[in-house]
Amino acid sequence: MSENDNRDVALKAWEIYQNLAKGMGESAWKIRSVCFTLNAALVAYSYTSSAPLLYLVASVLSVMFFLMESGYRRLQDQYIEKSIAIELTLNDFIANESDPRFPESIGTDLSIPSFDKFIKLFALKRIIFWMPYIVIFFAPIILYFLDFKKIDTLNNVLTNAC
Amino acid sequence: MIDIFTKNELLIAIDKPKNYKSGKNKKELQVIYDKMLNELSEYFFNEPCLSRMSFRKKINSLDLTTNFNSNELDTIKYIKGMLKNDHLLFNRDYRDSNTDVEKFLTNHLQHFIGALTGV
């Protein structure tokens, strides 16, 4: 293969990795959107129906959605790493290196997300990822222990009595 | 090839690489490194270093068959290695890159500074 062919392969691989990383990011965002919508609905319903147990359901659901999103984020991170490795190759071509670096292999296969990578998602620099989940996990629990519910007004009591 | 002040600052960093993995020290090291590239660009091309990539392209395009003694050729080889790997010093993404600066200092920059003693 000529150098031009190698460069074209590297560029194409980079585009594929970028698209895959973008797709993973979009899926993660959709999971987050559903989680927040569901959480808000459950909290509102729990308040209006005076069923405080539903607050705990909202907290449990936030954990499940967090685990789902964290899976997608870890897969996305792997595609970002592949993309960065190819960027080194592209930079070597731009810089007229006589011997450009290439990654070990070009491929879309991924390793199984590990527990170590899961722990690294809690790093301070990724606060935008985990902080909202912390809030929607603890807020319903606090509301549950405060027994936060709609108070029946006198009108409501009289209406119900009639 | 480079100013004695620049060289001394880099030797301090090479001596204690763990102090430069993040924060204010890392930023100061980046500034000193860019200053060093500027001095090298003045030495080789009589012009300032406009960007790391443009300097790297010029170094890679040097005609090594003429005008350089054996010590300079050795130094150029280490400059190329250093420029090829300086992304370790300037990484900005949120991956765990704690050991990157240390690797750059102890592998690439140290070899270059060591080669300078022969010039």
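Preceding this paragraph is the structure being described.
Each value, and the rule that gives it
Residues numbered from 1 in each chain as written. Chains lettered and ligands numbered in written order. Predicted model: local features only at pLDDT ≥ 70, side-chain atom pairs only at ≥ 80, totals over all residues. Heavy atoms only, no water. Helix = DSSP H or I, 4+ residues; strand = E, 2+ residues; numbered from the N terminus. Rg over C-alpha atoms; globule rule 2.2 N^0.38 Å. Buried < 20%, exposed > 50% of the residue type's maximum accessible area, 1.4 Å probe, protein only. Contact = heavy atoms within 4.5 Å. Areas by Shrake-Rupley, 256 points an atom, 1.4 Å probe, with all protein chains shown as cover. Lys, Arg positive; Asp, Glu negative; His and termini not counted. Charge placed at Lys NZ, Arg CZ, Asp CG, Glu CD. Axes fitted to C-alpha atoms, helices over the stretch in contact; angles between N-to-C directions. Parallel < 35°, antiparallel > 145°, perpendicular 65-115°, else oblique. Left-handed = near helix turned anticlockwise from the far one by under 90°. Nonpolar A, V, L, I, M, F, W, Y, C, P; charged D, E, K, R; others polar. Salt bridge = Lys/Arg side-chain N within 4 Å of Asp/Glu carboxyl O. Polar contact = N/O pair within 3.5 Å; in protein donor to acceptor, adjacent residues only side chain to side chain. Patch = residues over 30% accessible without salt bridge, like charges linked within 9 Å, V, L, I, M, F, W, Y side chains within 5 Å. Core = buried A, V, L, I, M, F, W, Y, C linked by side-chain atoms within 4.5 Å.

All right, on to the overall build of chain B then. For chain B, the helix and strand inventory stands at 6 helices and 0 strands. Relative to its length of 119 residues, chain B is compact, with a C-alpha radius of gyration of 14 Å against a globular reference of 14 Å. Considered along the principal axes of its C-alpha atoms, chain B spans approximately 45 × 25 × 20 Å. Burial analysis of chain B (119 residues in total) assigns 40% to the buried set. Partitioning the intrachain contacts of chain B with sequence separation of at least 6 by distance along the chain shows that 62% fall at a separation of at least 24. Entry remark: accessible area of chain B is about 6,500 Å², with carbon and sulfur atoms responsible for 49%. Within chain B, one finds 18 positive and 16 negative side-chain charges whose respective centroids are separated by 6 Å.

Let us now look at the overall build of chain A. The secondary structure content of chain A amounts to 5 helices and 0 strands. Mapped from its N terminus to its C terminus, chain A presents α and β elements in the order α-α-α-α-α. Whereas a compact globule of 162 residues would reach a radius of gyration of roughly 15 Å, chain A reaches 24 Å, over 25% beyond that. With the C-alpha coordinates of chain A rotated into their principal frame, the extents come out at 90 × 25 × 25 Å. Taking as baseline every contact in chain A between residues at least 6 positions apart, the subset at least 24 positions apart corresponds to 79%.

Residues and elements named next belong to chain A. Viewed as axis vectors pointing N to C, helix α1 (residues 3–48) and helix α2 (residues 53–94) meet at an angle of 165°, and their least axial separation amounts to 8 Å. In terms of their interaxial angle, α1 and α2 are classed as roughly antiparallel. In this structure, the crossing between α1 and α2 has a hand that is left-handed. Among the residues forming the contact of α1 with α2, the class breakdown is 32 nonpolar, 10 polar and 7 charged.

Residues and elements named next belong to chain B. In this structure, K26 sits in helix α2 (residues 23–45). Although K26 is buried, it forms no salt bridge, and the closest oppositely charged side chain is D100 at an N-O distance of 7.1 Å. K26 has contacts with Y20, K21, L89, N91 and V101, leaving out every residue within four places of it along the chain.

Next up on the list: the packing of α1 of chain A against helix α4 (residues 127–145) of chain A. Residues and elements named next belong to chain A. Where α1 meets α4, the closest approach of the two axes is 11 Å, and the angle between their N-to-C directions is 15°. As the angle between them shows, α1 and α4 are arranged roughly parallel. The interaxial crossing formed by α1 with α4 has left-handed handedness. Residue-level contacts link R32, C35, F36, N39 and V43 of α1 to I128, F129, P132, Y133, I136, P140 and L143 of α4.

With that settled, the discussion passes to the interface of chain B and chain A. One frequently used descriptor of interface size is the decrease in accessible area upon assembly of the parts. Residue-level contacts link 12 residues of chain B with 16 residues of chain A. Between E97 of chain A and R56 of chain B there is a salt bridge; the shortest N-O distance is 3.1 Å. Across the contact surface, chain B and chain A share 7 residue pairs in polar contact (both at pLDDT 80 or more). No other element matches helix α3 (residues 52–60) of chain B, which puts 4 residues into the side of chain B that touches chain A. Here the side of chain B that touches chain A is composed, by residue class, of 2 nonpolar, 4 polar and 6 charged.

Position of S70 of chain B among the secondary structure elements: in helix α4 (residues 70–84). Through-space distance from the C-alpha of S70 of chain B to that of K27 of chain B is 34 Å; in sequence the pair is 43 residues apart.

All names here are of chain B. With respect to the helices and strands, the residue P48 is situated in the loop between α2 and α3. With a relative accessible area of 41%, P48 lands in the partly exposed category. With residues near it in sequence (within four places) discarded, P48 still touches N38, S41 and E42.

Here the focus is a nonpolar patch on the surface. All names here are of chain A. A cluster of nonpolar side chains, namely Y47, L124, I127, I128, M131, I134, V135, F138, I142, L146 and F148, defines an oily patch on the protein surface of about 1,100 Å² accessible area. Considering every element that reaches the nonpolar patch, the biggest residue donor is α4, with 7 residues. Tracing the chain through its elements places I134 in helix α4.

Turning our attention to the nonpolar core. Judged by nonpolar contacts, the single largest core of 31 residues is most densely connected at Y33, M36, L40, M82 and L109 of chain B. Taken together, the elements giving at least two residues each to this core come down to α1 (4–15), α2, α3, α4, α5 (87–90) and α6 (100–116) of chain B. Broken down by element, this core gets its largest block of residues, 8 residues, from α2 of chain B. Setting aside chain neighbours within four positions, we find M36 of chain B in contact with I2, T6, L10, M82, L109 and F112 of chain B. Judged by nonpolar contacts, the second largest core, of 10 residues, contains F65, F129, W130 and Y133 of chain A.

In short, the description is geometric, and any link to function would need to be established separately.
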